[in-house]
Amino acid sequence: MAQVNVPELFGSMVFNQKVMRERLPKETYRALKKTQDDGEPLNIDMANQVAHAMKEWAIEKGATHFAHWFQPLTGVTAEKHDSFTLIPCF
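Residues numbered from 1 in each chain as written. Predicted model: local features only at pLDDT ≥ 70, side-chain atom pairs only at ≥ 80, totals over all residues. Heavy atoms only, no water.

A.B. asks: Got a minute to help me understand the overall build of the protein in this structure?
C.D. replies: Helix and strand counts for the protein come out as four helices and two strands. Secondary structure elements in the protein, listed N-terminal to C-terminal, are α-α-α-α-β-β. For the protein, with 90 residues in total, the buried portion stands at 16%. Of all intrachain contacts in the protein linking residues separated by at least 6 positions in sequence, the fraction that spans at least 24 positions is 30%. Within the structure as shown, the protein displays about 7400 Å² of accessible surface, and the carbon and sulfur contribution to it stands at 58%. (Helix = DSSP H or I, 4+ residues; strand = E, 2+ residues; numbered from the N terminus. Buried < 20%, exposed > 50% of the residue type's maximum accessible area, 1.4 Å probe, protein only. Contact = heavy atoms within 4.5 Å. Areas by Shrake-Rupley, 256 points an atom, 1.4 Å probe, with all protein chains shown as cover.)

Right under this line is the structure:
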């Protein structure tokens, strides 16, 4: 089995601001930034564009599975995690 350079690999496949800016229509990216920065609501059409771009990006990276996990914590705050899973083929 090939050795993995963890520090080099860690964070290398993240749907981050750079990736979003490259893959989303400008109007959608601007609206998403307002949501992230100012708490502005994101309309459903733009949310669907973000979800589609993320799905396509993940599939291109080799993702084969997706999980959405929502965990209420106290009634005031909550955690939500979305994850794509890459199944390595050796």
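A.B. asks: Teacher, can you tell me more about the side chain of T28 here?
C.D. replies: When you line up the elements, T28 lands in helix α3 (residues 26-38). Residue T28 is classed as buried on the basis of its relative accessible area, which comes to 2%. For T28, the contacting residues outside a window of four places in its chain are M46, Q49 and V50.

A.B. asks: Sorry if this is basic, but what is going on with the pattern of salt bridges here?
C.D. replies: For the coordinates displayed, the defined rule picks out four salt bridges. Notably, a salt bridge pairs R23 with E60, separated by 2.5 Å at the nearest N-O pair. In this pair, R23 sits in helix α2 (residues 17-23) while E60 sits in helix α4 (residues 44-60), placing the two residues 37 residues apart along the sequence. Residue classification places R23 among the partly exposed residues on the basis of a relative accessible area of 34%. (Salt bridge = Lys/Arg side-chain N within 4 Å of Asp/Glu carboxyl O.)

A.B. asks: Can you help me understand α4 in this one?
C.D. replies: Residues spaced three or four apart along an α-helix face the same direction, because each turn holds 3.6 residues. With 17 residues, α4 extends 24 Å from end C-alpha to end C-alpha; this agrees with the ideal 24 Å at 1.5 Å per step. Residues of α4 that are buried include every one of M46, V50, A53, W57 and A58, and no others. Across the axial projection of α4, the buried residues extend over an arc of 130°, all falling on one side. Opposite the buried face of α4, at more than 90 degrees from it, the exposed residues are I44 and D45. Sitting at the amino-terminal end of α4 is N43, which places a side-chain oxygen 3.0 Å from the backbone nitrogen of D45. (Expected span 1.5 Å × (residues − 1). Arc of directions from axis to C-beta. Polar contact = N/O pair within 3.5 Å; in protein donor to acceptor, adjacent residues only side chain to side chain.)

A.B. asks: I'm lost on the confidence of the model for the protein in this one. Help?
C.D. replies: Atom-level detail of predicted coordinates should not be read off regions where pLDDT is low. With 73% of its residues at a pLDDT of 70 or more, the protein shows a mean pLDDT of 80. The lowest-confidence element of the protein is strand β2 (residues 78-86), averaging 59 in pLDDT; the highest-confidence one is α2, averaging 95. (pLDDT = per-residue confidence, 0-100.)

A.B. asks: Even after reading the chapter, I still don't get the nonpolar core, so can you show me in this structure?
C.D. replies: The tendency in soluble globular proteins is for nonpolar side chains to be buried as a group. Residues F15, V19, M20, L24, Y29, L32, V50, A53, W57, A58 and A63 constitute the largest nonpolar core, which totals eleven residues. Looking at this core, the elements with two or more residues in it are α2, α3 and α4. In terms of residue count, α4 provides more of this core than any other element does, four residues in total. The residues contacting Y29, other than those within four sequence positions of it, are Q17, M20, R21 and L24. (Core = buried A, V, L, I, M, F, W, Y, C linked by side-chain atoms within 4.5 Å.)

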